[in-house]
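Chains, contacts and geometry: an overview
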Amino acid sequence: MEQHAEFVVRYRAKLIQRVTAVMPIADALKAVEIIHEETYSNIFVASTKMAKMRVLLDALNTNKAKSAFYNLLKVNESFLVEDLEREGIEQGITGASAQSTSEVLETDSHPRNAKTVQMEAIRQGTEDQQITWWNRNRSDTRHSTKIEELLRETGRRKVGNLCFYKDEKYMIGSGGSGTQVYVGVSKDGIDVAVKIITKNPKNTKDFKNELSHLQYSKLESPYIVRYVTCEEDKDFYYLANQLCEYDLEDYMEYLRQPEQNDRKVTTLRRIVKEMLLGLQVLHRAGVLHRDIKPRNVLMDKEERARLADFGISRKLEEGKTTVYTDRAGTKGWEATEIVNQTEKGGYKMSSDIQVAGMLVYYILSDGTHPFGDTKDREENIKKGQHSLEDLQDIVAKDLIEWMINKDPAERLTIDEVLRHPYFWDEFSKDAVLRKLGDRPEIQHYEVLAKLRKFYMERGHTERTDPTAALTINEAFSELKIENEKRKNDILTIVGEDLKNLWKLFNTAEEVTKGKSFSNWQSELSKIWTDINKKLPEDILGLLRVLRNKLVHANVRNEFEEKKIFDLFPDFFISLHRVAKDLSWKY
């Protein structure tokens, strides 16, 4: 009994991750009063199998309860027990909780021992085809023991090149119109997820649509789920894609385990980027996903995020930016313009972007939605009412604000999303400082500020014609700007009517209001005594100073040592906004 309890404690994390038959075990434990009604109810209402498993294990507070669970696990998940005990032997763990493989196979709780399985395979003439060809390609994954058990099932199905078994313990997903997904194996030994689709007019259309996207060469990517094969019979289509370890909801549940704490934040950031890279592949190929949500992001065995489920995706026609169809997607994961439509609506890439922004927030906030709980979510999406209070990272918030804007025209494109400061490393930040800092507007910023002040003192604004009283060349003379190259550069920047001059400074002032860098001169004077205080105390003046420090003073290491950007955490997102408003490319 104690050894069984040790097994449960030792492998707790892996049991949470890998046990699928949670409810049958809970039913049996409730029947013998190992767990009580309240615990059983909590297990039943938990949203994922891992959450159910965590509740169940937390309730096993005696060795007797743990031993009962262990014995039921051997009945319901025999090959998982076998795998874990084999692992124990390899790690030098001895005792009853580390029985040999043959002992596990031959226990009373597993009447189909190894010899029986072998004889069945021989009788079916499929030992080489059904077991050996899988073992050739075997790699330990979350589903490996489940597939091993599948291949020993006498009732497994073979359809064409696919082997699977329609039983709840092998089911890993489900969808609309009764679609179910099971673990399976292809004849060449590849682990697959087999989506079984009932043949009817709607399903047939969606199946053919999804198949065409999966087979589209431009969608081949590490960030898109990989197509393997498909089969059909008179009643069903069988679509086989690479077998991934988790969908995003289950993977985030896995990351909530205490032992994952050290890598959780960086892992979630990585998933965000990989999901968006998958969307970039789609959009560059002219494909709208139209059903972005947590269940449609899968994690492969390398823990890489891949977009999946293209049943309602659509390819844009050449030269078109919109697809007009009936409303499609998942409630609560639709763009504002789609929720507000009354008849056939227009889906654009910007529709995907808004929903992807919802998903970015969902990931980084560890499972909350920017438009609220399920009850009010759709109404909030209609109105554009959102909250980002469960996220502290102001750079991530800025990205999400751009993406989930109610106005489709104000949302970023996918390429702009991936160029956002949220994804910049130190090398990228340096490159942006150099690129934007080298623009003529920034190189001449001090002189431009003098020119603007000069005109304002004479009562000119962006709404008046400055040349009516003073030409630009007369202004140069008054300001004693004599260098011809400088004159030409400034004239190119501001234009004869100075419209660009007003826009430059209005944009800089607007972006600077209320920001951490609005008094940058006093802050930086504590660190560097030689900063140019003649520059305007706005974001572009600060850009000029930082660019010069980076290029001329070679003080990049001081940026880190003095934590310059910690002083101004909103600098880069503000600079990004200025560049976008002024159409500066970088």
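Counting of residues starts from 1 at the beginning of each chain's written sequence and follows it residue by residue. With pLDDT at 70 or above as the cut-off, local features in this predicted model cover only qualifying residues; side-chain atom pairs require 80 or more to be listed or tallied, and sums for whole chains, interfaces and linings still use all residues. Side-chain calculation: all heavy atoms of the structure are included, whereas hydrogens and water are not.

1. A look at the pattern of salt bridges
When their charged atoms lie close together, side chains carrying opposite charge are able to pair. Note on definitions: salt bridges are taken to be side-chain nitrogens of Lys or Arg within 4 Å of carboxyl oxygens of Asp or Glu. Evaluation of the coordinates by the stated rule reveals 41 salt bridges. Where Lys234 meets Asp235, a salt bridge forms, and the shortest distance between an N and an O atom there is 3.1 Å. Burial classification: accessible surface area is computed with a 1.4 Å probe over protein chains only, and a residue below 20% of its type maximum counts as buried, one above 50% as exposed, and the rest as partly exposed. The exposure class of Asp235 is partly exposed, given its relative accessible area of 34%. Residues Arg284 and Asp415 are paired through a salt bridge, measuring 3.2 Å at the closest nitrogen-oxygen approach. Here the residue Arg284 occupies a position in helix α14 (residues 261-284), and Asp415 occupies one in helix α19 (residues 414-418), the gap between them amounting to 131 residues. Given a relative accessible area of 61%, Arg284 falls into the exposed group. One network of salt bridges, in which partners are shared, links Arg54, Glu253, Arg256, Lys264 and Asp366. Numbered from the N terminus, helices here are DSSP runs of H or I no shorter than four residues, and strands are runs of E no shorter than two.

2. Some thoughts on the pairing of strand β5 (residues 191-198)
Where burial is concerned, most of β5 is hidden: seven out of the eight residues are buried. Summarising the sheet, strand β4 (residues 180-186) and β5 pair through six bridges and their orientation is antiparallel. Residue Tyr182 lies in a different strand from β5, and its bridge partner there is Val194. A strand pair is defined by DSSP finding two or more bridges across the two strands. Linking β4 to β5, which pair antiparallel, is a turn of four residues; within it Gly189 sits at a positive phi near 90 degrees. Taken together, the seven bridges between β5 and strand β7 (residues 236-242) define a ladder with antiparallel strand orientation. If you follow Val192 over to β7, its bridge partner there is Gln242.

3. Describing unusual backbone geometry
The phi torsion at Glu303 lies on the positive side, around 65 degrees, for a residue other than glycine. Within the secondary structure layout, Glu303 lies in the loop between β10 (297-299) and β11 (305-307). The exposure class of Glu303 is partly exposed, given its relative accessible area of 25%. A positive phi angle, near 65 degrees, is found at Asp309, a position not held by glycine. Inspection of the secondary structure assignment puts Asp309 in the loop between β11 and β12 (314-315). For Asp309, a relative accessible area of 27% corresponds to the partly exposed category.

4. Here's the deal with helix α5 (residues 49-59)
Across the eleven residues that make up α5, a large majority, eight, are buried. Considered for burial, the residues of α5 that qualify are Met50, Ala51, Lys52, Met53, Arg54, Leu56, Leu57 and Ala59.

5. Some points on the side chain of Lys549
Tracing the backbone shows Lys549 in helix α27 (residues 539-551). For Lys549, a relative accessible area of 8% translates into the label buried. Note on contacts: a residue pair qualifies if any of its non-hydrogen atoms lie within 4.5 Å across the two residues. Other than its neighbours up to four places away in sequence, Lys549 contacts Trp528, Asp530, Asn554, Val555 and Phe559.

6. Regarding the pairing of strand β6 (residues 227-232)
Note: β6 against β7, five bridges, orientation antiparallel. Of the residues in β7, the one forming a bridge with Cys230 is Leu239. The antiparallel pairing of β6 with β7 creates a hairpin that spans three residues between the two strands.

7. Topic: the sheet that holds strand β8 (residues 246-247)
Sheet strands line up and pair through hydrogen bonds in the backbone, either parallel or antiparallel. What the three strands build is an open sheet, ordered β8-β10-β11; its pairing is antiparallel. Of all the strands in the sheet, the pair left with one neighbour each is β8 and β11. Relative to β11, β10 runs antiparallel, the two being bridged by three bridges. In the strand pairing of β11, Val297 is matched with Leu307. Contacts from α14 reach β10 and β11, with the element oriented near 30 degrees to β11. Lines fitted to C-alpha atoms define the axes, with helix axes restricted to the stretch in contact, and inter-axis angles between N-to-C directions lie between 0 and 180 degrees.

8. A word on helix α12 (residues 201-214)
Between the first and last residue of a helix there are one fewer steps than residues, each counted as 1.5 Å, and that sum is the expected span. Spanning 14 residues, α12 covers 20 Å between terminal C-alpha atoms, matching the ideal 20 Å at 1.5 Å per step. Every buried residue of α12 is listed here: Asn203, Thr204, Asp206, Phe207, Asn209, Glu210, Leu211, His213 and Leu214. Those residues of α12 that are buried lie in contact with β5, β6, β7, β9 (287-288) and β12. Counted as a polar contact is a pair of N or O atoms within 3.5 Å, where, for protein atoms, one must be capable of donating a hydrogen and the other of accepting one, and residues adjacent in sequence contribute only when both atoms are in side chains. Where α12 begins, one side-chain oxygen reaches toward the backbone nitrogen of Lys202, 3.2 Å away; that side chain belongs to Asn200.

Keep in mind these values describe shape, not function.
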